[in-house]
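# Architecture at a glance
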Amino acid sequence: MSYYPLTSIPDYYGIDALLTEEHKLIRQSVRDWVESFVMPNIDEAAQNHTDLPNLMKELGKIGALGPYIPEEYGGSGLDQISYGLIMQELERGDSAVRSAASVQSSLVMFPINEFGSEEQKRKYLPKLASGEMIGSFGLTEPNHGSDPSSMETYFKDMGDHYLLNGAKMWITNSPLCDIAVIWAKNEEGKVQGLIVERGMEGFTTPETHNKWSLRASKTGELVFNDVKVPKENLLPDVTGLKGPLSCLNSARYGISWGVIGAAIDCYCTAVQYSKERKQFGKPIGGFQLQQKKLAEFLTEITKAQLLCLQLGNLKNDHKASPAQISMAKRNNVKMAIDIARESRQILGGMGIMGEFPMMRHAANLESVITYEGTHDVHLLITGLDITGINAF
């Protein structure tokens, strides 16, 4: 039996009334796609450590790649709440699906749109929006995760091209990518962005195997051994960590919405199971401890929804601060992973089975709570904003 009861997706505070009709239509179209394309296939993909076939092109067809990118470059020109709702519905299917869309949208298309030349925008963005081209983002290195300012990847000006050396690690879409937006230090030690294309000599993308998390997604490295990068592939309009950190702000915002979808999937499954599973002569949903769990799940989901909606309003008005985004990312991922774990207990032994989503979501969220800024680092970002004192 399938446990994905759409009728019980929570809107406990009437938040839908604050959405436009366009928002709701966009959400429903992505929800329908997730129901038809992701849900029937995701367990097998996760169990077998394979990605969903033609995922990026399918995401492109439903407008989930770079939805806020202007229409002239292949995007849909949507607002930030629309982007958030898309991420929510994708992650209700699986974090790997949302990660693929999030990387393509916020970490590849966003910097090209914000900091790229007109030629770069027209060359790459339409193909990225359709999923014809797959992108990846290189910031984290084997020795430098939370401290990107210490990155070792560098490039030299060789006159008619740049020479790039170094390596990036834990890169979503790496083994599949056609291009990679890479952040590296120039000869003055300043961080700049480069677009590296598959096929450039010395550029390799070894896959990371044996993951217990995000198993329906390809992860790997980006390795640069004397890669000749054309000068026109330098992102011209940004220097310093502002470039990659602004990309991370966009991605973290999408994550804060996305994980609500994972929590909702676990909550809905737990509600239905608690009504149907009988012990001691009645449904387990009639016992106080199970009702306590369900009531707490709904409370935390509702709080996260309100947090994201206001953050989306701030993003639309270009007023959302990095610290506000960090607060939402940290709070909502912790909320989702707690619900995944606790809802698994409601199902008892059945909760570990692939027919139910709890263990898959819980395992995925172990990655989400770490990437795009760890749980602890986001706490310190908020702490810095409160006190003005850097604790890093």
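Residues numbered from 1 in each chain as written. Predicted model: local features only at pLDDT ≥ 70, side-chain atom pairs only at ≥ 80, totals over all residues. Heavy atoms only, no water.

Trp 33, Leu 59, Leu 90, Ile 112, Leu 128 and Trp 183 are the most contacted members of the largest nonpolar core, which has 100 residues in total. Counting 17 residues, the second-largest nonpolar core is a separate cluster that includes Leu 164, Ile 171, Ala 180 and Val 227. (Core = buried A, V, L, I, M, F, W, Y, C linked by side-chain atoms within 4.5 Å. Buried < 20%, exposed > 50% of the residue type's maximum accessible area, 1.4 Å probe, protein only.)

Before going further, it helps to examine the UniProt feature "domain: Acyl-CoA dehydrogenase/oxidase N-terminal" (unreviewed entry) in the protein chain. Look at the UniProt record and you will see "domain: Acyl-CoA dehydrogenase/oxidase N-terminal" (unreviewed entry) annotated at residues 20–132. Between the C-alpha atoms that bound residues 20–132 there is a distance of 30 Å. The span itself is 71% helix and 0% strand. (UniProt positions renumbered as here; feature names shortened; annotations may be inferred. Helix = DSSP H or I, 4+ residues; strand = E, 2+ residues; numbered from the N terminus.)

Before going further, it helps to examine the pairing of strand β4 (residues 179–185). For β4, the buried fraction is high: seven of the seven residues fall into the buried class. Side chains of β4 alternate between two faces, with Ile 179, Val 181, Trp 183 and Lys 185 and Ala 180, Ile 182 and Ala 184 buried alike. By the bridge criterion, four bridges tie strand β1 (residues 135–138) to β4 in an arrangement that is parallel. Residue pairing across strands places Gly 135 opposite Ile 179, the latter belonging to β4. The sheet contact formed by β4 and strand β5 (residues 191–197) spans seven bridges and is antiparallel. Its bridge partner being in β5, Trp 183 is matched across the sheet by Gly 193. Turn length for the β4-β5 hairpin, with the two strands adjacent in sequence and antiparallel, is five residues, and the turn residue Gly 189 shows positive phi of about 85°. (Pairing = 2+ DSSP bridges.)

Taken as a whole, this structure holds 19 salt bridges when the rule is applied. A salt bridge links Lys 218 to Glu 207; the nearest nitrogen and oxygen atoms lie 3.5 Å apart. Here Lys 218 is found in the loop between β6 (203–204) and β7 (219–230), whereas its partner Glu 207 is found in the loop between β6 and β7, with 11 residues between them in sequence. In this structure, the salt-bridge partner of Arg 341 is Glu 366, at a minimum N-O distance of 2.4 Å. (Salt bridge = Lys/Arg side-chain N within 4 Å of Asp/Glu carboxyl O.)

Attention shifts here to a nonpolar patch on the surface. Taken together, the side chains of Met 350, Ile 352, Met 353 and Met 359 present a nonpolar region at the surface, about 360 Å² in accessible area. If you trace the backbone, Met 359 turns up in helix α10 (residues 358–368). (Patch = residues over 30% accessible without salt bridge, like charges linked within 9 Å, V, L, I, M, F, W, Y side chains within 5 Å. Areas by Shrake-Rupley, 256 points an atom, 1.4 Å probe, with all protein chains shown as cover.)

Moving on: the UniProt feature "domain: Acyl-CoA dehydrogenase/oxidase C-terminal" (unreviewed entry) in the protein chain. Here, UniProt's "domain: Acyl-CoA dehydrogenase/oxidase C-terminal" (unreviewed entry) annotation points to residues 240–381. A distance of 19 Å separates the end C-alpha atoms of residues 240–381, which is 75% helix and 3% strand.

Scanning all chains against the criterion turns up nine aromatic pairs. Pairing Phe 155 with Tyr 162 gives two aromatic rings, centres 5.1 Å apart and planes at 75°, and the pair type is edge-to-face. Across the pair, exposure class does not vary: Phe 155 and Tyr 162 are buried alike. Aromatic pair Phe 280 and Phe 287: ring centres 6.2 Å apart, planes at 80°, arrangement edge-to-face. The class for Phe 287 is partly exposed, based on a relative accessible area of 28%. When the ring centre of Phe 287 is taken as origin, the NZ or CZ atom of Lys 282, which lies over that ring, is 4.5 Å away. The ring of Tyr 253 is capped by Lys 315, whose NZ or CZ atom sits 5.3 Å from the centre of that ring. (Phe/Tyr/Trp six-rings, centres within 6.5 Å; stacked < 30°, edge-to-face > 60°. Lys NZ or Arg CZ within 6 Å of the ring centre and 35° of its normal.)

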